[in-house]
Amino acid sequence: MDVSNSCSSFSSSSVDSTKPSPSESSVNLSLSLTFPSTSPQREARQDWPPITSRLRDTLKGRRLIRRGNDTSLFVKVYMEGVPIGRKLDLCAFSGYESLLENLSHMFDTSIICGNRDRKHHVLTYEDKDGDWMMVGDIPWDMFLETVRRLKITRPERY
Amino acid sequence: MNYFPDEVIEHVFDFVVSHKDRNSISLVCKSWHKIERFSRKEVFIGNCYAINPERLIGRFPCLKSLTLKGKPHFADFNLVPHEWGGFVLPWIEALARSRVGLEELRLKRMVVTDESLELLSRSFANFKSLVLVSCEGFTTDGLASIATNCRHLRELDLQENEIDDHRGQWLNCFPDSCTTLISLNFACLKGETNVAALERLVARSPNLKSLKLNRAVPLDALARLMSCAPQLVDLGVGSYENEPDPESFAKLMTAIEKCISLRSLSGFLEVAPLCLPAFYPICQNLISLNLSYAAEIQGNHLIKLIQLCKRLQRLWILDSIGDKGLVVVADTCKELQELRVFPSDVHGEEDNIAAVTEVGLVAISAGCPKLHSILYFCKQMTNAALIAVAKNCPNFIRFRLCILEPHKPDHITSQSLDEGFGAIVQACKGLRRLSVSGLLTDQVFLYIGMYAEQLEMLSIAFAGDTDKGMLYVLNGCKKMRKLEIRDSPFGNAALLADVGRYETMRSLWMSSCEVTLGGCKRLAQNSPRLNVEIINENENNRMEQNEEDEGEKVDKLYLYRTVVGTRKDAPPYVRIL
């Protein structure tokens, strides 16, 4: 089974394993330069730590993450047609306006909410029921509770 | 005693309840063995492959309650493949054929099918109680058979099972005449629930004491359910994600206030934190609280709730409570006996800000004098902390510490944690169960072998240096029943040093260690009363008999004592030597 970078110290027993290994920190650095808000990809082990599958699944579904005194809500964002996505902390925005502004900047294109438009990209989201919905219809707080991920659709879709 | 008629002796035996004691009684003399046999009502079988159903029924024909355990403990962590074994069907078939008056069946880590449940429901007229823990292989159709056919059902308790939810109407299958339910737990069901059927069932079950809902039961339904069951002692809340409107919240509060018998609370699978205050009124009565699935609730909300639970004896929680929260627990819950702190960040997504550390553990040990069982997941630990904990709490029966990063040393001194765990085993003379973690050498096992005289179960992961470690344990811990080891450098020398020892234990598990095929073969050679199983799922590694490399390391070894020889139901990737 695949083992993540952080587990590479299994074989050496007297290494101070509190610091990340050199290869891990350079991976972090290069990733943070190209994808500012992406956490490094880690392969998840299914047999460590020793918790039951039910708890593991519950935690996987967890969206709110502690970071210091704040919380973050990281969701994946994909631009239709582009295979590599981004990750975005929705808690960093005050509402739909700042979200759209930031996304437009991130993807270097104009993105709107609401009405279909043959010229602009439209922002959609997947809710907790698995349905794809138009962003902007519900109050921002409610949106935060239900959003699972975002997708920026191509203009000609509609 | 032999001057008394059998009935009198039997009456005396009725007062002896524990399995160990009853087993001892049956060894006294032939006459007692016979009387005990026919009067035994409850039988506990820790390993379903140690004995077979025919012999069980032959010895205890009057049994009413059977407990069976199947897969080894590490199966909980995906280390045992699904089809490994532990099938309950042959047991139910045999019991049905022999017309045993079965009333209660408790299964753990077994494979249960809809067919077995159907057979169970039809074969025993007086069947009252079904408890399934960490089982798999069945669907809600099987539950429907139980509901339909078990006329006197009192208990249906499903804990942590993998159940295929067909979204059927199993709750509807309880006939209107069914009014005997005392306990109903379906928290692990993933699909929708027929809430109306559930409400009708609860309304006609005046004896219902324990009700645990799944995530599909919404807030307003919860309020109605609690209103018609104010006698509840044990409640598992489903989920309610959105903040409730004031009216629903008020209804919930009113319903909860009436539940003055409520002592145990669990669930909260997906909860909007603002719903928690509805439970504040009954917190002072709670003795058990399980919030280990409440992944979305942050520390400060948890703390507010726990501050009110002054009578708490059992607390299961996520590490999002933080050291700060554990200090509050230590100050508030003076009756605490059992604490479990589970990790909330298993993918290492969060910053290195540790959720709970040695600070929380020491605080708990200092503040809770009655603490005897602990399971603690954390990112760091120190010897000094463990030594302090040992001094504060010499009464531990169960001590399980899991440091998330394997081989992690004392984060202040960078030394191994041998001394810390050594202090624990030396101070806690009644210790029966221990799990160790972090950076550990053979020394810790020397301490365990020397001091842990009552130890019955030991879990080792990523620890030790040489075979000596395992030998210290096998030679020293005379009461060891279950030893499970993974990713540790113990090999054939340790495995083969005292083969007879394994017949005094229930089982030994070794995975990703240094034992080889040759070693296992030698072990199996002179041990007719041991089943030595090699589990090798990797297709490429499976060689033909004549190409075998005896020096090849064994992926997973599971051996256990048995009086019925090799089992016939093993899948192809399990080789029994």
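Further up the page is the structure itself.
Note that the structure is a prediction, hence the values are computed from the model and not measured.

## Digging into the pattern of salt bridges
All names here are of chain B.
Okay, so step 1: Using the criterion set out here, one finds 26 salt bridges over all chains in the structure.
Okay, so step 2: Across the salt bridge formed by arginine 97 and glutamate 54, the nearest N and O atoms sit 3.7 Å from each other. Within this pair, whereas arginine 97 is found in helix α5 (residues 89-97), its partner glutamate 54 is found in helix α4 (residues 53-59), the two being separated by 43 residues in sequence.
Okay, so step 3: Residue class for glutamate 54 comes out partly exposed when judged on its relative accessible area of 46%.
Okay, so step 4: Close ionic contact of arginine 106 with glutamate 104 constitutes a salt bridge, the shortest N to O distance being 3.7 Å.

## Remarks on the nonpolar core
Okay, so step 1: Counting residues in hydrophobic clusters, the biggest one holds 177 residues, and the most contacted among them are Leu66, Leu184, Phe399 and Ile448 of chain B.
Okay, so step 2: Here this core takes six residues from helix α9 (residues 219-228) of chain B, the largest share from any one element.
Okay, so step 3: If you look at the next biggest cluster of nonpolar residues, it comprises 22 residues, including Met79, Phe93, Leu123 and Tyr125 of chain A.

## Looking at the packing of aromatic side chains
Okay, so step 1: On inspection of all chains with the given rule, the structure shows 21 aromatic pairs over all chains.
Okay, so step 2: When the centroid spacing of 5.1 Å and the interplanar angle of 85 degrees are considered together, the rings of tyrosine 96 of chain A and tryptophan 140 of chain A count as edge-to-face. Linking tyrosine 96 of chain A in helix α3 (residues 96-107) with tryptophan 140 of chain A in helix α4 (residues 140-146), this pair joins segments that are 44 residues apart in sequence.
Okay, so step 3: Since its relative accessible area comes to 16%, tyrosine 96 of chain A is described here as buried.
Okay, so step 4: Aromatic side chains phenylalanine 399 of chain B and phenylalanine 421 of chain B sit 6.4 Å apart centroid to centroid with 80 degrees between the ring planes, which places their arrangement in the edge-to-face category. Taken together, the residues phenylalanine 399 of chain B in strand β16 (residues 398-403) and phenylalanine 421 of chain B in helix α15 (residues 418-427) connect sequence positions 22 residues apart. Per residue, the accessibility class of phenylalanine 399 of chain B equals that of phenylalanine 421 of chain B, and both read buried.
Okay, so step 5: A network of ring pairs unites the aromatic residues Tyr49, Phe74, Phe77, Trp84, Trp509, Tyr558 and Tyr560 of chain B as a single cluster.
Okay, so step 6: Across from the ring centre of tyrosine 49 of chain B, 4.5 Å away, lies the NZ or CZ of arginine 567 of chain B, which sits over that ring.

## Focus on the packing of helix α16 (residues 442-451) of chain B against helix α17 (residues 467-476) of chain B
All names here are of chain B.
Okay, so step 1: Orientation of α16 relative to α17, taken along the N-to-C sense of each, is 5 degrees, at an axis distance of 8 Å. Relative to α17, α16 is oriented roughly parallel. Side by side, α16 and α17 meet where Asp442, Phe445, Leu446, Ile448 and Gly449 of the first sit next to Lys468, Gly469, Tyr472, Val473 and Gly476 of the second.
Okay, so step 2: For the contact of α16 with α17, a count of residues per class yields five nonpolar, three polar and two charged.

## Some words on α9 of chain B
Okay, so step 1: Three or more residues of α9 of chain B are buried, namely Leu219, Ala221, Leu222, Ala223, Leu225 and Met226 of chain B.
Okay, so step 2: Buried residues belonging to α9 of chain B abut α8 (195-203), β10 (234-237) and α10 (246-258) of chain B.

Cut-off values and rules
- Residues numbered from 1 in each chain as written.
- Chains lettered and ligands numbered in written order.
- Predicted model: local features only at pLDDT ≥ 70, side-chain atom pairs only at ≥ 80, totals over all residues.
- Heavy atoms only, no water.
- Salt bridge = Lys/Arg side-chain N within 4 Å of Asp/Glu carboxyl O.
- Helix = DSSP H or I, 4+ residues; strand = E, 2+ residues; numbered from the N terminus.
- Buried < 20%, exposed > 50% of the residue type's maximum accessible area, 1.4 Å probe, protein only.
- Core = buried A, V, L, I, M, F, W, Y, C linked by side-chain atoms within 4.5 Å.
- Phe/Tyr/Trp six-rings, centres within 6.5 Å; stacked < 30°, edge-to-face > 60°.
- Lys NZ or Arg CZ within 6 Å of the ring centre and 35° of its normal.
- Axes fitted to C-alpha atoms, helices over the stretch in contact; angles between N-to-C directions.
- Parallel < 35°, antiparallel > 145°, perpendicular 65-115°, else oblique.
- Contact = heavy atoms within 4.5 Å.
- Nonpolar A, V, L, I, M, F, W, Y, C, P; charged D, E, K, R; others polar.

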